[in-house]
Amino acid sequence: MACAHFENTCVTNYLGTANGYRPMNYFPVFFDLKALKVLVVGGGEVALRKVMLLERTGAAITLVAPDIHPELLARADAGTIKTETREFIPPDLEGARLVIVATSRRAVNRWIATLSEARGIPVNVVDDREASRFIVPAIIDRDPVMVAVSTGGASPVLARRLRERLETLIPGKIGEFARWLHALRRPARRLRDTAARRRFFEELVDGAAARRFAGGDAAGAQSIARQLLSQMQAAPRPAGEVMLVGAGPGDPELLTLKALRALQDADVILHDRLVSQAILDLARRDAAQICVGKAAGSNGCTQEEINALLIEHARKGQRVVRLKGGDPFIFGRGGEELEALARAQIPFSVVPGVTAAAGCAAYAGIPLTHREHAHSVTFVAGHSGKDGNEPDWRALAQPATTAVFYMGLARLPHIAERLMAHGAATDLPAALIARGTLPNQRVVTGTLATIGDLASRENLESPTLLVVGEVVSLHASLSWFGAAAPEGSSLPLTRSA
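Residues numbered from 1 in each chain as written. Predicted model: local features only at pLDDT ≥ 70, side-chain atom pairs only at ≥ 80, totals over all residues. Heavy atoms only, no water.

Here the focus is the side chain of Thr437. Mapped onto the fold, Thr437 is located in the loop between β15 (429-434) and β16 (441-447). Setting aside residues no more than four positions away along its own chain, Thr437 makes contact with Pro249, Gly250, Asp251, Leu254, Gly359, Cys360, Tyr363 and Phe481. (Helix = DSSP H or I, 4+ residues; strand = E, 2+ residues; numbered from the N terminus. Contact = heavy atoms within 4.5 Å.)

Listed below in structure tokens is the structure:
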């Protein structure tokens, strides 16, 4: 297919990163330490807390310190740990798979960390993030379910507070439920493939079986699981489906709950170029992500090619999410794609999103309607149609009207000229909103007569939304997403602390 080279190559910008990805200072992993040597250097209360946590892993713990807490000595007498009452020496590192340093002497701590690093042994120095190769998170333990919360060492207190809140949200029986699901993995192997097994477990986790188990009816949950397994074995390969999902204007927190669920369940995601990486990061990790948007200097995928991809993956029995910025039914060609799916007899559904006009205007402090300024709002495609048809400029230029132009930056001088030619005042307020709802949002305000020059001076780039109408005058007083820019200038609008 002509647009196949777009798979996983689209670049989005979020939080100012060059490739759209937010940096991750630590890679989260869970170590299996059973029967492996873990060295703890230090014998005080901090070392005691670390040992109490490590004991639950089944690690072979060796503790070295000249002075050792009585409770640690009691553990040594009980045989749960091995202690050496002396100063640390480099040979103590032999055979160690993990090192935790908890002495009160910074120079000694860093020396041990350097020795561990040279031997390739992961090391944690308590309260010294720079000297540590790994950090110990706040933990919620519902064995075998474990949730680890970390702030990257920035604020252990915040990590603990988050853990406390999550403790109240995670059911006490979630560990038992996980063990029950594990026991079902063997009978689930009778299902045809990995996708079928995943759907089986999704039905259990999301459906009545989970509710029965949580209510104490394990037998009822088991009966539901047996029924479901029999049904899925007898059923033919499930038909694929397509969900047309609106990703909103950019801020990941504007994604709807239903859209989030669709991303978590999708096998394949076909997304536009302007969908931020922060939103794509919310998808299931093993879902295929295919960028079908247009990029600078390339024609990208045609609409026909996108339609073909949707049909191709759905006919493989996959759950396909077509992810579009804003709302898929407002200048998103969602209707065209659904028409193609309907002709191909592919099941589909729609998850609306916050359209760019509503989201960007709200974040810019510009109400699209107002009893004293605008009684109606019109969404207009900024570019002309294939047949060269123009919008009803006379209607758009009427008083008490708000006009929002999508994709209008390239034709901004033409739009302003046509509005003024059809009766709009030259001093009618106008605003340009670039990267709306994101931390680097920019808002430029002016008038119909000045907005074109301001756009050139500010070097704005698409996607930029144009809002025209008296409501724009409210931006200066209603802007809440950072500080309002004075007329004729722009400021990046960022969230305040």
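Turning our attention to helix α17 (residues 451-458). Those residues of α17 lying buried are Ile451, Leu454, Ala455 and Glu458. In an axial view of α17, the angular spread of the buried residues amounts to 100°, which keeps them on one side of the axis. Of the residues in α17, the exposed ones pointing more than 90 degrees away from the buried face are Asp453, Ser456 and Arg457. The positive-phi residue at the C-terminal boundary of α17 is Asn459, with phi of around 55°. (Buried < 20%, exposed > 50% of the residue type's maximum accessible area, 1.4 Å probe, protein only. Arc of directions from axis to C-beta.)

Spatially, β10-β9-β11-β8-β12 is the arrangement adopted by the five strands of the open sheet, whose pairing is parallel. Both outer strands of the open sheet, β10 (288-291) and β12 (348-351), are each paired with one neighbouring strand and no more. When strand polarity is set aside, the average angle formed by the axes of neighbouring strands in this sheet is 20°. Sheet analysis places strand β9 (residues 268-271) next to strand β11 (residues 319-324), joined by four bridges and oriented parallel. Its bridge partner being in β11, His271 is matched across the sheet by Leu323. Along the sheet, helix α12 (residues 303-315) makes contact with β8 (241-246), β9, β10 and β11, crossing β11 at roughly 155°. (Pairing = 2+ DSSP bridges. Axes fitted to C-alpha atoms, helices over the stretch in contact; angles between N-to-C directions.)

The next thing to look at is the pattern of salt bridges. Enumeration according to the criterion identifies 29 salt bridges in this entry. Ionic pairing is found between Arg199 and Asp267, a salt bridge with its closest N-O pair at 3.6 Å. One end of the pair, Arg199, is in helix α7 (residues 194-206); the other, Asp267, is in the loop between α10 (257-265) and β9, with 68 residues separating them in the sequence. As far as burial versus exposure is concerned, Arg199 and Asp267 are alike and both buried. The closest approach of N and O atoms between Arg322 and Glu337, which form a salt bridge, is 3.2 Å. Of the two residues, Arg322 sits in strand β11 while Glu337 sits in helix α13 (residues 334-343), which places them 15 residues apart along the sequence. A cluster of three or more residues bridged by salt bridges with shared partners is formed by Arg198, Arg199, Glu202, Asp267, Arg284, Asp286 and Arg319. (Salt bridge = Lys/Arg side-chain N within 4 Å of Asp/Glu carboxyl O.)

All right, on to the pairing of β15 then. Looking down a regular strand, the side chains alternate between one sheet face and the other. The buried fraction of β15 is high, at six of six residues. Of the two faces of β15, both are covered, the one formed by Pro429, Ala431 and Ile433 as well as the one formed by Ala430, Leu432 and Ala434. In this structure, β15 lies alongside β16, joined through six bridges in antiparallel fashion. By the bridge assignment for β16, Pro429 is matched with Thr447. Hairpin geometry of β15 and β16 is characterised by an intervening segment of six residues between the two adjacent antiparallel strands and by a positive phi of about 55° at Arg435. The pairing of β15 with strand β17 (residues 464-468) spans five bridges and is antiparallel. Within β17, the position partnered with Leu432 by the bridge is Leu466.

Turning our attention to the packing of α7 against helix α9 (residues 218-234). Packing of α7 against α9 brings their axes to within 11 Å, and their N-to-C directions diverge by 150°. Comparing the axis directions of α7 and α9 gives the class roughly antiparallel. Crossing handedness for the pair α7 and α9: right-handed. Contacts from Ala196, Arg199, Phe200, Glu203 and Leu204 in α7 reach Ala225, Leu228, Leu229 and Met232 in α9. The residue makeup of the contact of α7 with α9, split by class, is seven nonpolar, no polar and two charged. (Parallel < 35°, antiparallel > 145°, perpendicular 65-115°, else oblique. Left-handed = near helix turned anticlockwise from the far one by under 90°. Nonpolar A, V, L, I, M, F, W, Y, C, P; charged D, E, K, R; others polar.)

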